[in-house]
Amino acid sequence: MNDPKTAAKLALRLGFGLSLLLVGVAHYMNLEMFMAMTSDGLGPLTSLGQIWAYVLPALQIVGGALFAVGMYYEIAAWSAGVALGSIPVGMLLKPVLSGVSLPDVMPAAINAFIWLIIYALVVKMCTCCGSSCGTEGN
């Protein structure tokens, strides 16, 4: 691994994948609190938020693990993308559905958009030219 670009791709892919996996595990470890946070403020969609509290961490774990090990990028991209993309949508639904203050949800939405930017970089680096992430020549 003499190519600095390859080292950077590997570090970004591993850092992102392991971080996403650990966030998913942390959500399951505090599931009751996470479920309350996910479903709070969704008004008539509260039960959907409760169900999503079980699904979101699973998607994060699957996507993160697959990126970390460098396998099945299409599944990794879909899993992580659905998980991360759902966060700002869910947060910004809360002011519309139940009158939660927009400034109360914006930090979480902005944080999710930062994750989505890194996600886009990882996907681009791991899938360009149809070759695997971490091999030379990307």
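Everything quoted here is computed from the prediction, not taken from an experiment. (Residues numbered from 1 in each chain as written. Predicted model: local features only at pLDDT ≥ 70, side-chain atom pairs only at ≥ 80, totals over all residues. Heavy atoms only, no water.)

A. Expanded view of the overall build of the protein. A tally of regular secondary structure across the protein gives 5 helices and 0 strands. With the C-alpha coordinates aligned to their principal axes, the bounding extent of the protein is approximately 55 × 25 × 20 Å. Look at the contacts in the protein between residues 6 or more apart in sequence, and 65% of them connect residues 24 or more apart. (Helix = DSSP H or I, 4+ residues; strand = E, 2+ residues; numbered from the N terminus. Contact = heavy atoms within 4.5 Å.)

B. Inspection of the side chain of R13 at higher detail. Tracing the backbone through its elements, the reader meets R13 in helix α1 (residues 4-29). A relative accessible area of 7% places R13 in the buried class. A distance of 3.0 Å separates a polar side-chain atom of R13 from the backbone oxygen of A68. (Buried < 20%, exposed > 50% of the residue type's maximum accessible area, 1.4 Å probe, protein only. Polar contact = N/O pair within 3.5 Å; in protein donor to acceptor, adjacent residues only side chain to side chain.)

C. Structural view of α1. An ideal rise of 1.5 Å per residue puts 38 Å on 26 residues; α1 measures up with 37 Å between its terminal C-alpha atoms. Among all positions in α1, only T6, K9, R13, F16, G17, L20, L21, G24 and H27 are buried. Each element contacted by the buried residues of α1 is listed here: α2 (31-39), α3 (46-69), α4 (73-98) and α5 (102-127). (Expected span 1.5 Å × (residues − 1).)

D. Examining the nonpolar core more closely. F16, F67, L84 and Y119 are the most contacted members of the largest nonpolar core, which has 14 residues in total. Listing elements by their share of this core, those giving two or more residues are α1, α3, α4 and α5. In this view, F67 contacts R13, F16, G17, Y73, A76, A77, A80, Y119, V122 and V123; residues no more than four positions away in its chain are not counted. Counting residues in each nonpolar core, the second largest holds 6 residues, with L31, M35, L56 and A83 among its members. (Core = buried A, V, L, I, M, F, W, Y, C linked by side-chain atoms within 4.5 Å.)

E. Seen up close, the packing of aromatic side chains. Per the stated rule, a full pass over the model turns up 4 aromatic pairs. Look at F16 and W115: their rings are 5.9 Å apart centre to centre, the planes differ by 55°, and that puts the pair in the tilted class. Here F16 is found in helix α1, whereas its partner W115 is found in helix α5, with 99 residues between them in sequence. Using a relative accessible area of 23% as the deciding quantity, one classes W115 as partly exposed. Between F16 and Y119, the ring centres sit 6.5 Å apart and the planes meet at 45°, which makes this aromatic pair tilted. Note that F16 is positioned in helix α1 and Y119 in helix α5, a separation of 103 residues in sequence. Assigned by exposure class, F16 and Y119 land together as buried. Pairwise contacts between aromatic rings join F16, F67, Y73, W115 and Y119 into one cluster. (Phe/Tyr/Trp six-rings, centres within 6.5 Å; stacked < 30°, edge-to-face > 60°.)

F. Seen up close, the packing of α4 against α5. Here α4 crosses α5 at 165°, and the two axes come no closer than 9 Å. Relative to α5, α4 is oriented roughly antiparallel. Crossing angle aside, the handedness with which α4 passes α5 is left-handed. (Axes fitted to C-alpha atoms, helices over the stretch in contact; angles between N-to-C directions. Parallel < 35°, antiparallel > 145°, perpendicular 65-115°, else oblique. Left-handed = near helix turned anticlockwise from the far one by under 90°.)

Take it as geometry only, folks, not as evidence of what the structure does.
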